[in-house]
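# Structural characterization, general
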Amino acid sequence: MTTATVSDELERLLSGYERARQNLIPILQDVQHELGYLSEEAVNRVADYLGLSENDVFGVATFYTQFRFTAPGKHCIKVCQGTACHVRGSGLIVEEVARKLNVAPGETTDDLQFSLERVACYGSCALAPVVVIDDKVYARMTPKKTIDAIEEYE
């Protein structure tokens, strides 16, 4: 989106809310849903709209793990870290993917192709360890199988 388009989209989203602090989280959720992340411009605009400081808005947003502050990649790689997945080696999968893509969990590659995320649990314990790329679930993964799956998206 262009800067003007982002500004217009923010104005449209904000206009649907009363200027009240209790609307902060729903507004941030809507902004992230529309833009994919919370940009500095979005945080500043939300703060201005609600009469809060940027620090207040940023402080709330950083408290919740649902919010991200960098643009997501074209493809999102999520590695389950639930107990079953962890016991079956999901930590090694995260390490290998991070090494291959040269990013840490929560980051996006420089070319904006891939984001790497750790998730608490997918509820697919019988399929552990589970990796989800975009919306496709991969079961009983290993570091090698995960890298092979990622290469299909390159």
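In this text the structure is predicted, and so the values were computed from the model without any measurement. (Residues numbered from 1 in each chain as written. Predicted model: local features only at pLDDT ≥ 70, side-chain atom pairs only at ≥ 80, totals over all residues. Heavy atoms only, no water.)

## Quick look at the layout of surface pockets
Filter applied, for reference: In this analysis, the protein atoms alone were mapped onto a 1 Å grid. Cavities are point sets where a 1.4 Å probe fits without being able to get out; pockets are open sets with protein on both sides within 12 Å along at least five of seven lines; lining residues have an atom within 4 Å of a point. Grid points are joined across faces, edges and corners, and a volume is the space filled by probe spheres set on the points. Starting at the N terminus, helices and strands are each numbered in turn, a helix being any DSSP run of H or I of at least four residues and a strand any DSSP run of E of at least two. Residue classes follow a fixed rule: Ala, Val, Leu, Ile, Met, Phe, Trp, Tyr, Cys and Pro count as nonpolar, while Asp, Glu, Lys and Arg count as charged, and any other residue, Gly among them, counts as polar.
Roughly 420 Å³ of internal volume is contained in the largest pocket. Lining of the largest pocket is provided by 17 residues; of these, Thr 65, Gln 66, Phe 67, Arg 68 and Glu 117 occupy positions nearest its centre. Only β1 (75-80) and β2 (114-119) provide two or more residues apiece to the lining of the largest pocket. No other element matches β2, which puts four residues into the lining of the largest pocket. Residue composition of the lining of the largest pocket, grouped by class: seven nonpolar, six polar and four charged.

## Quick notes on helix α2 (residues 24-35)
Residues spaced three or four apart along an α-helix point in a common direction, a consequence of the helix completing one turn every 3.6 residues. Condition: In this analysis, the expected span of each helix is defined as 1.5 Å times one less than the number of residues it contains. Only protein chains enter the calculation, and the probe is 1.4 Å; a residue is then buried if its accessible area is under 20% of its type maximum, exposed if over 50%, and partly exposed in between. Think of the arc as the fan of directions from the helix axis to the C-beta atoms.
With twelve residues, α2 should cover 16 Å at 1.5 Å per step; its first-to-last C-alpha distance of 16 Å lies within 8% of that length. Of all the positions in α2, only Leu 24, Ile 27, Leu 28, Val 31, Gln 32 and Leu 35 are classed as buried. An end-on view of α2 places all buried positions within 130° of arc, on one side of the element. Of the residues flanking the end of α2, it is Gly 36, one or two places downstream, whose phi is positive at about 95°.

## Some details on unusual backbone geometry
Cis geometry marks the peptide bond from Ala 128 to Pro 129, where omega comes out at -10°. Phi at Arg 140 is positive, roughly 50°, even though this residue is not glycine. By the secondary structure assignment, Arg 140 is in the loop between β4 (136-138) and α7 (143-151). Residue classification places Arg 140 among the partly exposed residues on the basis of a relative accessible area of 49%.

Function cannot be inferred from these measures alone, as they are strictly geometric.
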